[in-house]
Amino acid sequence: MSGGWHWFVIIGTVGSLIGCLWLLFSNRSTSGDKTTGHVWDGIEELDNPLPMWWVWMFVGTVVFAVGYLIWYPGLGNFAGISGWTSTSQFEEAAEAHEERFAPLYRELAALSPPELAANRQAQQVGRRLFINHCTACHGVGGGGGYGFPNLTDDEWLWGSDFAAIKQTILGGRSGIMAPWGAALGEDGVQQTAQYVRKVAGLEHDADLAEAGGKHYATFCVACHQADHTGNPLLGAPNLANDSWLYGSSLEEISFTIRHGRNNNMPAHADVLSEEKAHILAGYVSSLSRKGE
Ligand code: HEC
Ligand code: HEC
(Lines give C-alpha, C1' and ligand atoms only; values in the text may rest on other atoms or scores of the structure.)
(Ligands and ions follow the chains in the order given, each with its own letter.)
Protein backbone atom coordinates (compact mmCIF):
# COMPACT_ATOMS: atom_id res chain seq x y z
CA MET A 1 0.00 0.00 0.00
CA SER A 2 1.17 3.55 -0.65
CA GLY A 3 2.91 5.68 2.02
CA GLY A 4 -0.21 7.69 2.82
CA TRP A 5 -2.43 4.67 3.46
CA HIS A 6 0.38 2.97 5.41
CA TRP A 7 0.40 5.81 7.95
CA PHE A 8 -3.38 6.18 7.87
CA VAL A 9 -3.78 2.54 8.98
CA ILE A 10 -1.07 2.80 11.65
CA ILE A 11 -2.40 6.04 13.14
CA GLY A 12 -5.99 4.76 13.04
CA THR A 13 -5.12 1.43 14.71
CA VAL A 14 -2.70 2.69 17.36
CA GLY A 15 -4.84 5.78 17.97
CA SER A 16 -7.94 3.71 18.67
CA LEU A 17 -6.04 1.45 21.11
CA ILE A 18 -4.74 4.50 23.01
CA GLY A 19 -8.21 6.05 22.84
CA CYS A 20 -9.77 2.94 24.43
CA LEU A 21 -7.24 2.99 27.29
CA TRP A 22 -7.80 6.70 27.83
CA LEU A 23 -11.57 6.19 27.94
CA LEU A 24 -11.13 3.38 30.45
CA PHE A 25 -8.82 5.19 32.86
CA SER A 26 -10.42 8.62 32.59
CA ASN A 27 -13.69 7.07 33.78
CA ARG A 28 -12.25 4.95 36.56
CA SER A 29 -12.13 7.51 39.37
CA THR A 30 -15.44 8.42 40.98
CA SER A 31 -16.60 11.64 42.51
CA GLY A 32 -16.33 10.21 46.04
CA ASP A 33 -20.06 10.60 46.53
CA LYS A 34 -22.14 7.47 46.38
CA THR A 35 -24.36 8.86 43.62
CA THR A 36 -23.92 10.84 40.40
CA GLY A 37 -26.62 13.23 41.50
CA HIS A 38 -29.00 12.06 38.69
CA VAL A 39 -32.49 11.22 39.89
CA TRP A 40 -35.42 9.99 37.78
CA ASP A 41 -38.76 9.40 39.39
CA GLY A 42 -37.05 9.05 42.75
CA ILE A 43 -34.53 6.50 41.48
CA GLU A 44 -30.90 7.60 42.04
CA GLU A 45 -28.01 6.70 39.71
CA LEU A 46 -25.17 5.25 41.82
CA ASP A 47 -21.53 6.15 41.11
CA ASN A 48 -19.59 2.92 41.74
CA PRO A 49 -16.09 2.39 40.29
CA LEU A 50 -15.71 -0.27 37.56
CA PRO A 51 -14.86 -3.67 39.10
CA MET A 52 -11.10 -4.35 38.96
CA TRP A 53 -11.47 -7.78 37.29
CA TRP A 54 -13.29 -6.06 34.42
CA VAL A 55 -10.66 -3.30 34.12
CA TRP A 56 -7.82 -5.83 33.96
CA MET A 57 -9.65 -7.93 31.40
CA PHE A 58 -9.95 -4.82 29.24
CA VAL A 59 -6.25 -4.02 29.69
CA GLY A 60 -5.53 -7.65 28.78
CA THR A 61 -7.31 -7.30 25.41
CA VAL A 62 -5.20 -4.21 24.62
CA VAL A 63 -1.98 -6.07 25.54
CA PHE A 64 -3.12 -8.94 23.29
CA ALA A 65 -3.75 -6.49 20.43
CA VAL A 66 -0.24 -5.00 20.79
CA GLY A 67 1.36 -8.48 20.76
CA TYR A 68 -0.77 -9.50 17.76
CA LEU A 69 0.21 -6.39 15.78
CA ILE A 70 3.90 -7.07 16.45
CA TRP A 71 3.66 -10.77 15.50
CA TYR A 72 1.28 -10.58 12.51
CA PRO A 73 0.92 -8.05 9.66
CA GLY A 74 -1.67 -5.44 10.67
CA LEU A 75 0.08 -2.08 10.87
CA GLY A 76 0.20 -0.70 7.33
CA ASN A 77 3.12 -2.19 5.41
CA PHE A 78 4.81 -3.61 8.54
CA ALA A 79 5.05 -7.37 7.83
CA GLY A 80 5.07 -8.58 11.47
CA ILE A 81 8.05 -10.43 12.97
CA SER A 82 6.57 -13.92 12.39
CA GLY A 83 6.81 -13.51 8.58
CA TRP A 84 3.29 -15.02 8.17
CA THR A 85 1.26 -14.14 5.05
CA SER A 86 -2.03 -15.56 3.84
CA THR A 87 -0.40 -16.32 0.46
CA SER A 88 2.39 -18.38 2.01
CA GLN A 89 -0.12 -20.25 4.15
CA PHE A 90 -2.17 -21.07 1.04
CA GLU A 91 0.94 -22.14 -0.90
CA GLU A 92 2.10 -24.38 1.93
CA ALA A 93 -1.31 -26.02 2.12
CA ALA A 94 -1.39 -26.50 -1.67
CA GLU A 95 2.12 -27.98 -1.61
CA ALA A 96 1.25 -30.34 1.23
CA HIS A 97 -1.84 -31.39 -0.72
CA GLU A 98 0.20 -32.06 -3.89
CA GLU A 99 2.76 -34.04 -1.88
CA ARG A 100 0.06 -36.11 -0.23
CA PHE A 101 -1.66 -36.98 -3.50
CA ALA A 102 1.40 -37.21 -5.78
CA PRO A 103 1.83 -40.99 -5.25
CA LEU A 104 -1.86 -41.53 -6.08
CA TYR A 105 -1.63 -39.47 -9.29
CA ARG A 106 1.56 -41.30 -10.27
CA GLU A 107 -0.04 -44.69 -9.67
CA LEU A 108 -3.20 -43.85 -11.65
CA ALA A 109 -1.29 -42.13 -14.47
CA ALA A 110 0.58 -45.41 -15.09
CA LEU A 111 -2.66 -47.21 -15.96
CA SER A 112 -3.57 -47.95 -19.57
CA PRO A 113 -6.82 -46.52 -21.01
CA PRO A 114 -8.83 -49.75 -20.45
CA GLU A 115 -7.44 -50.02 -16.90
CA LEU A 116 -8.44 -46.41 -16.21
CA ALA A 117 -11.97 -47.14 -17.40
CA ALA A 118 -12.24 -50.09 -15.01
CA ASN A 119 -10.61 -48.40 -12.00
CA ARG A 120 -13.14 -46.88 -9.60
CA GLN A 121 -10.63 -44.57 -7.94
CA ALA A 122 -9.36 -43.28 -11.30
CA GLN A 123 -12.95 -42.45 -12.27
CA GLN A 124 -13.54 -40.63 -8.97
CA VAL A 125 -10.32 -38.60 -9.23
CA GLY A 126 -11.11 -37.87 -12.91
CA ARG A 127 -14.58 -36.67 -11.99
CA ARG A 128 -13.15 -34.28 -9.35
CA LEU A 129 -10.66 -32.87 -11.85
CA PHE A 130 -13.43 -32.51 -14.41
CA ILE A 131 -15.64 -30.62 -11.94
CA ASN A 132 -12.77 -28.28 -11.03
CA HIS A 133 -11.51 -27.51 -14.53
CA CYS A 134 -14.08 -28.34 -17.17
CA THR A 135 -17.67 -27.96 -15.99
CA ALA A 136 -17.80 -24.18 -16.55
CA CYS A 137 -17.89 -24.90 -20.29
CA HIS A 138 -18.89 -28.54 -20.70
CA GLY A 139 -21.48 -28.78 -17.90
CA VAL A 140 -21.36 -30.92 -14.74
CA GLY A 141 -22.12 -34.18 -16.52
CA GLY A 142 -20.15 -33.24 -19.67
CA GLY A 143 -23.37 -32.68 -21.63
CA GLY A 144 -22.10 -29.45 -23.22
CA GLY A 145 -24.19 -26.54 -24.43
CA TYR A 146 -24.47 -24.09 -27.31
CA GLY A 147 -20.99 -24.09 -28.93
CA PHE A 148 -19.60 -26.45 -26.29
CA PRO A 149 -19.47 -30.05 -27.46
CA ASN A 150 -21.34 -32.79 -25.67
CA LEU A 151 -18.70 -35.20 -24.34
CA THR A 152 -21.17 -37.93 -23.44
CA ASP A 153 -22.34 -38.80 -26.96
CA ASP A 154 -20.24 -40.75 -29.44
CA GLU A 155 -19.67 -37.95 -31.92
CA TRP A 156 -16.21 -36.43 -31.68
CA LEU A 157 -14.94 -33.35 -33.51
CA TRP A 158 -11.32 -34.26 -32.96
CA GLY A 159 -11.40 -38.04 -32.73
CA SER A 160 -12.60 -40.49 -30.12
CA ASP A 161 -9.38 -42.28 -29.24
CA PHE A 162 -7.67 -41.75 -25.90
CA ALA A 163 -4.59 -40.04 -27.37
CA ALA A 164 -6.72 -37.48 -29.27
CA ILE A 165 -8.72 -36.64 -26.14
CA LYS A 166 -5.58 -36.24 -24.06
CA GLN A 167 -4.08 -34.02 -26.76
CA THR A 168 -7.26 -31.90 -26.77
CA ILE A 169 -6.97 -31.39 -23.00
CA LEU A 170 -3.26 -30.53 -22.93
CA GLY A 171 -2.91 -28.63 -26.19
CA GLY A 172 -6.39 -27.18 -26.70
CA ARG A 173 -8.16 -27.02 -30.10
CA SER A 174 -9.35 -24.33 -32.50
CA GLY A 175 -12.40 -25.21 -34.56
CA ILE A 176 -12.34 -22.76 -37.46
CA MET A 177 -14.76 -22.64 -40.34
CA ALA A 178 -14.36 -19.77 -42.80
CA PRO A 179 -17.44 -17.70 -43.83
CA TRP A 180 -19.03 -18.64 -47.18
CA GLY A 181 -21.67 -15.91 -47.45
CA ALA A 182 -19.65 -13.86 -49.95
CA ALA A 183 -18.81 -16.83 -52.20
CA LEU A 184 -22.32 -18.34 -52.19
CA GLY A 185 -24.56 -15.28 -52.05
CA GLU A 186 -27.69 -15.38 -49.83
CA ASP A 187 -29.54 -17.75 -52.22
CA GLY A 188 -26.59 -20.09 -52.25
CA VAL A 189 -26.45 -20.01 -48.43
CA GLN A 190 -30.15 -20.95 -48.18
CA GLN A 191 -29.76 -23.77 -50.75
CA THR A 192 -26.71 -25.20 -48.99
CA ALA A 193 -28.45 -24.97 -45.60
CA GLN A 194 -31.40 -26.97 -47.02
CA TYR A 195 -28.92 -29.54 -48.29
CA VAL A 196 -27.30 -29.86 -44.84
CA ARG A 197 -30.75 -30.46 -43.32
CA LYS A 198 -31.47 -33.11 -45.95
CA VAL A 199 -28.18 -34.87 -45.19
CA ALA A 200 -29.04 -34.85 -41.49
CA GLY A 201 -32.41 -36.46 -42.21
CA LEU A 202 -34.38 -33.32 -41.26
CA GLU A 203 -37.33 -31.65 -42.95
CA HIS A 204 -36.15 -29.66 -45.99
CA ASP A 205 -37.09 -28.16 -49.36
CA ALA A 206 -36.12 -30.75 -51.98
CA ASP A 207 -35.51 -28.31 -54.86
CA LEU A 208 -33.35 -25.95 -52.85
CA ALA A 209 -31.45 -28.89 -51.37
CA GLU A 210 -30.67 -30.23 -54.81
CA ALA A 211 -29.08 -26.93 -55.83
CA GLY A 212 -27.30 -26.85 -52.46
CA GLY A 213 -25.73 -30.25 -53.14
CA LYS A 214 -23.71 -28.69 -55.95
CA HIS A 215 -22.40 -25.96 -53.67
CA TYR A 216 -21.54 -28.58 -51.09
CA ALA A 217 -19.50 -30.53 -53.63
CA THR A 218 -17.57 -27.37 -54.49
CA PHE A 219 -17.07 -25.63 -51.16
CA CYS A 220 -17.61 -28.06 -48.32
CA VAL A 221 -16.31 -31.52 -49.21
CA ALA A 222 -12.70 -30.59 -48.47
CA CYS A 223 -13.48 -30.52 -44.76
CA HIS A 224 -16.84 -32.24 -44.22
CA GLN A 225 -16.08 -35.04 -46.73
CA ALA A 226 -18.17 -36.45 -49.59
CA ASP A 227 -19.98 -38.77 -47.16
CA HIS A 228 -20.60 -35.81 -44.73
CA THR A 229 -18.82 -37.51 -41.84
CA GLY A 230 -16.39 -34.66 -41.17
CA ASN A 231 -12.68 -34.68 -40.54
CA PRO A 232 -11.11 -35.11 -37.10
CA LEU A 233 -7.82 -33.58 -38.28
CA LEU A 234 -9.60 -30.23 -38.77
CA GLY A 235 -12.27 -30.60 -36.11
CA ALA A 236 -14.91 -30.53 -38.87
CA PRO A 237 -18.11 -32.10 -37.52
CA ASN A 238 -20.09 -34.94 -39.00
CA LEU A 239 -23.15 -33.30 -40.59
CA ALA A 240 -25.09 -36.52 -41.15
CA ASN A 241 -26.11 -37.27 -37.57
CA ASP A 242 -28.25 -35.57 -34.92
CA SER A 243 -25.40 -34.20 -32.82
CA TRP A 244 -25.06 -30.43 -33.23
CA LEU A 245 -22.74 -27.81 -31.77
CA TYR A 246 -25.06 -24.93 -32.66
CA GLY A 247 -28.40 -26.66 -33.14
CA SER A 248 -30.08 -27.97 -36.28
CA SER A 249 -32.46 -25.10 -37.08
CA LEU A 250 -32.30 -23.53 -40.53
CA GLU A 251 -31.29 -20.22 -38.88
CA GLU A 252 -28.27 -21.71 -37.09
CA ILE A 253 -27.11 -23.75 -40.07
CA SER A 254 -27.39 -20.82 -42.49
CA PHE A 255 -25.68 -18.56 -39.93
CA THR A 256 -22.72 -20.98 -39.78
CA ILE A 257 -22.48 -21.11 -43.57
CA ARG A 258 -22.87 -17.34 -44.01
CA HIS A 259 -20.53 -16.16 -41.20
CA GLY A 260 -18.35 -19.16 -40.40
CA ARG A 261 -17.42 -20.20 -36.84
CA ASN A 262 -14.40 -19.71 -34.66
CA ASN A 263 -14.43 -21.89 -31.56
CA ASN A 264 -11.69 -22.46 -29.04
CA MET A 265 -10.99 -25.11 -26.45
CA PRO A 266 -8.22 -23.64 -24.23
CA ALA A 267 -4.99 -25.59 -23.68
CA HIS A 268 -4.62 -26.90 -20.12
CA ALA A 269 -0.93 -27.91 -20.19
CA ASP A 270 0.03 -25.09 -17.83
CA VAL A 271 -2.83 -25.80 -15.40
CA LEU A 272 -2.85 -29.59 -15.37
CA SER A 273 0.13 -31.93 -15.07
CA GLU A 274 0.56 -34.63 -17.70
CA GLU A 275 -0.52 -37.15 -15.03
CA LYS A 276 -3.77 -35.32 -14.31
CA ALA A 277 -4.51 -34.96 -18.04
CA HIS A 278 -4.04 -38.73 -18.41
CA ILE A 279 -6.53 -39.47 -15.62
CA LEU A 280 -8.96 -36.89 -17.03
CA ALA A 281 -8.74 -38.36 -20.53
CA GLY A 282 -9.71 -41.71 -18.99
CA TYR A 283 -12.71 -40.13 -17.30
CA VAL A 284 -13.82 -38.23 -20.43
CA SER A 285 -13.46 -41.37 -22.60
CA SER A 286 -15.72 -43.27 -20.25
CA LEU A 287 -18.46 -40.58 -20.30
CA SER A 288 -19.58 -41.64 -23.77
CA ARG A 289 -19.46 -45.34 -22.89
CA LYS A 290 -21.79 -45.09 -19.87
CA GLY A 291 -24.74 -46.36 -21.87
CA GLU A 292 -23.02 -49.45 -23.30
C1 HEC B 1 -13.42 -22.10 -21.76
C2 HEC B 1 -14.28 -23.21 -22.08
C3 HEC B 1 -13.72 -24.60 -22.01
C4 HEC B 1 -13.10 -25.22 -20.95
C5 HEC B 1 -12.75 -24.66 -19.59
C6 HEC B 1 -12.86 -26.58 -21.37
N7 HEC B 1 -13.30 -26.76 -22.64
FE8 HEC B 1 -13.19 -28.47 -23.70
N9 HEC B 1 -13.92 -27.52 -25.33
C10 HEC B 1 -14.36 -26.22 -25.36
C11 HEC B 1 -14.80 -25.89 -26.70
C12 HEC B 1 -15.39 -24.56 -27.15
C13 HEC B 1 -14.58 -27.04 -27.48
C14 HEC B 1 -14.87 -27.21 -28.97
C15 HEC B 1 -13.71 -26.82 -29.80
C16 HEC B 1 -14.06 -26.91 -31.25
O17 HEC B 1 -15.10 -26.36 -31.62
O18 HEC B 1 -13.32 -27.55 -31.99
C19 HEC B 1 -14.03 -28.05 -26.59
C20 HEC B 1 -13.69 -29.33 -26.98
C21 HEC B 1 -13.31 -30.34 -26.11
C22 HEC B 1 -13.07 -31.71 -26.48
C23 HEC B 1 -13.17 -32.28 -27.88
C24 HEC B 1 -14.56 -32.78 -28.13
C25 HEC B 1 -14.70 -33.45 -29.46
O26 HEC B 1 -15.84 -33.62 -29.86
O27 HEC B 1 -13.69 -33.82 -30.06
C28 HEC B 1 -12.75 -32.41 -25.35
C29 HEC B 1 -12.41 -33.88 -25.22
C30 HEC B 1 -12.75 -31.45 -24.27
N31 HEC B 1 -13.11 -30.20 -24.75
C32 HEC B 1 -12.47 -31.76 -22.96
C33 HEC B 1 -12.29 -30.80 -21.96
C34 HEC B 1 -11.78 -31.10 -20.65
C35 HEC B 1 -11.43 -32.49 -20.13
C36 HEC B 1 -11.71 -29.91 -19.99
C37 HEC B 1 -11.19 -29.68 -18.59
C38 HEC B 1 -9.80 -29.87 -18.42
C39 HEC B 1 -12.19 -28.88 -20.90
N40 HEC B 1 -12.53 -29.46 -22.08
C41 HEC B 1 -12.27 -27.53 -20.56
C42 HEC B 1 -14.39 -25.35 -24.31
C43 HEC B 1 -13.83 -25.58 -23.06
C1 HEC C 1 -11.86 -25.42 -43.79
C2 HEC C 1 -12.73 -26.50 -43.46
C3 HEC C 1 -14.22 -26.29 -43.60
C4 HEC C 1 -14.94 -25.99 -44.71
C5 HEC C 1 -14.41 -25.78 -46.13
C6 HEC C 1 -16.32 -25.96 -44.31
N7 HEC C 1 -16.43 -26.22 -42.98
FE8 HEC C 1 -18.16 -26.35 -41.94
N9 HEC C 1 -17.11 -26.56 -40.23
C10 HEC C 1 -15.73 -26.67 -40.17
C11 HEC C 1 -15.34 -26.73 -38.79
C12 HEC C 1 -13.92 -26.86 -38.26
C13 HEC C 1 -16.52 -26.63 -38.01
C14 HEC C 1 -16.65 -26.63 -36.51
C15 HEC C 1 -16.65 -25.21 -36.02
C16 HEC C 1 -16.60 -25.15 -34.52
O17 HEC C 1 -15.89 -25.95 -33.92
O18 HEC C 1 -17.31 -24.29 -33.97
C19 HEC C 1 -17.61 -26.53 -38.97
C20 HEC C 1 -18.96 -26.45 -38.62
C21 HEC C 1 -19.99 -26.50 -39.51
C22 HEC C 1 -21.37 -26.56 -39.14
C23 HEC C 1 -21.94 -26.55 -37.72
C24 HEC C 1 -22.22 -27.96 -37.26
C25 HEC C 1 -22.82 -28.04 -35.87
O26 HEC C 1 -22.63 -29.10 -35.25
O27 HEC C 1 -23.46 -27.10 -35.38
C28 HEC C 1 -22.08 -26.61 -40.32
C29 HEC C 1 -23.58 -26.69 -40.44
C30 HEC C 1 -21.13 -26.58 -41.38
N31 HEC C 1 -19.86 -26.52 -40.86
C32 HEC C 1 -21.45 -26.61 -42.71
C33 HEC C 1 -20.56 -26.32 -43.73
C34 HEC C 1 -20.93 -26.10 -45.10
C35 HEC C 1 -22.33 -26.18 -45.63
C36 HEC C 1 -19.78 -25.81 -45.76
C37 HEC C 1 -19.62 -25.44 -47.22
C38 HEC C 1 -20.31 -24.22 -47.61
C39 HEC C 1 -18.70 -25.89 -44.83
N40 HEC C 1 -19.22 -26.18 -43.61
C41 HEC C 1 -17.38 -25.69 -45.17
C42 HEC C 1 -14.84 -26.73 -41.22
C43 HEC C 1 -15.18 -26.42 -42.50
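**Some words on the pairing of strand β2 (residues 43-46)**
Right, on to step 1. Relative to β2, strand β1 (residues 35-40) runs antiparallel, the two sharing 3 bridges. Residue pairing across strands places W40 opposite I43, the latter belonging to β2.
Right, on to step 2. The antiparallel pairing of β1 with β2 creates a hairpin that spans 2 residues between the two strands, and D41 there sits at a positive phi of about 50°.

**Observations regarding the site of ligand 2**
Right, on to step 1. Taken together, 22 residues lie around ligand 2, and M177, C220, C223, H224 and Y246 are the ones closest in.
Right, on to step 2. Contacts to ligand 2 include L245, whose backbone N or O atom sits 2.7 Å from an oxygen atom.
Right, on to step 3. Between ligand 2 and Y246, the relevant distance is 2.4 Å, taken from an oxygen atom to a side-chain nitrogen or oxygen of the residue.
Right, on to step 4. Counting residues per element, the ones that place at least two in the shell around ligand 2 are β3 (173-177), α8 (181-199), α9 (206-224), α10 (250-259) and β4 (261-265).
Right, on to step 5. The biggest single contributor to the shell around ligand 2 is α9, with 4 residues.

**Some words on the pattern of salt bridges**
Right, on to step 1. This structure, assessed with the given rule, holds 4 salt bridges.
Right, on to step 2. Between K276 and E98 there is a salt bridge whose closest N-O contact spans 3.2 Å. With K276 in helix α11 (residues 274-287) and E98 in helix α3 (residues 86-109), this residue pair connects regions lying 178 residues apart in the sequence.
Right, on to step 3. With relative accessibility at 13%, the residue K276 sits in the buried group.
Right, on to step 4. The residue K166 makes a salt bridge to E274 at a minimum N-O spacing of 2.7 Å. Pair noted here: K166 is in helix α7 (residues 162-171) and E274 is in helix α11, with a separation of 108 residues, a long-range link.
Right, on to step 5. Owing to a relative accessible area of 15%, K166 belongs among the buried residues under this scheme.

**Considering the coordination of the iron atom of ligand 2**
Right, on to step 1. Distances from the iron atom of ligand 2 to its protein donors, namely M177 (SD) and H224 (NE2), fall within the range 2.0 to 2.1 Å.
Right, on to step 2. Taken together, the 6 donor atoms coordinating the iron atom of ligand 2 and their angles of 87 to 179° define a geometry best described as octahedral. Separated by 47 residues along the polypeptide, M177 in strand β3 and H224 in helix α9 bring together distant segments of the chain.
Right, on to step 3. When its relative accessible area of 10% is taken as the criterion, H224 is described as buried.

**Some points on the domain arrangement of the protein**
Right, on to step 1. Annotation of the protein at the domain level lists domain 1 (3-71), domain 2 (96-172 + 273-287) and domain 3 (175-265).
Right, on to step 2. For domain 2 and domain 3, the distance between their C-alpha centroids amounts to 30 Å.
Right, on to step 3. Taken residue by residue, the interface counts 14 residues in domain 2 and 17 residues in domain 3.
Right, on to step 4. Across the domain 2/domain 3 interface, buried area totals approximately 1100 Å², and carbon plus sulfur atoms make up 56% of it.
Right, on to step 5. Summed over the shared surface of domain 2 and domain 3, the result is 7 residue pairs in polar contact (both at pLDDT 80 or more).
Right, on to step 6. A per-class count over the side of domain 2 that touches domain 3 returns 6 nonpolar, 6 polar and 2 charged.

The rules behind these values
Residues numbered from 1 in each chain as written. Chains lettered and ligands numbered in written order. Predicted model: local features only at pLDDT ≥ 70, side-chain atom pairs only at ≥ 80, totals over all residues. Heavy atoms only, no water. Pairing = 2+ DSSP bridges. Helix = DSSP H or I, 4+ residues; strand = E, 2+ residues; numbered from the N terminus. Near = heavy atom within 4 Å. Polar contact = N/O pair within 3.5 Å; in protein donor to acceptor, adjacent residues only side chain to side chain. Salt bridge = Lys/Arg side-chain N within 4 Å of Asp/Glu carboxyl O. Buried < 20%, exposed > 50% of the residue type's maximum accessible area, 1.4 Å probe, protein only. Donors = N, O, S within 2.8 Å, 3.2 Å for Na, K, Ca; no water. Tetrahedral: all angles 85-135°; square planar, octahedral: opposite > 155°, others 65-115°. Domains from an automatic or database assignment. Contact = heavy atoms within 4.5 Å. Buried area = accessible area lost by both parts, 1.4 Å probe. Nonpolar A, V, L, I, M, F, W, Y, C, P; charged D, E, K, R; others polar.

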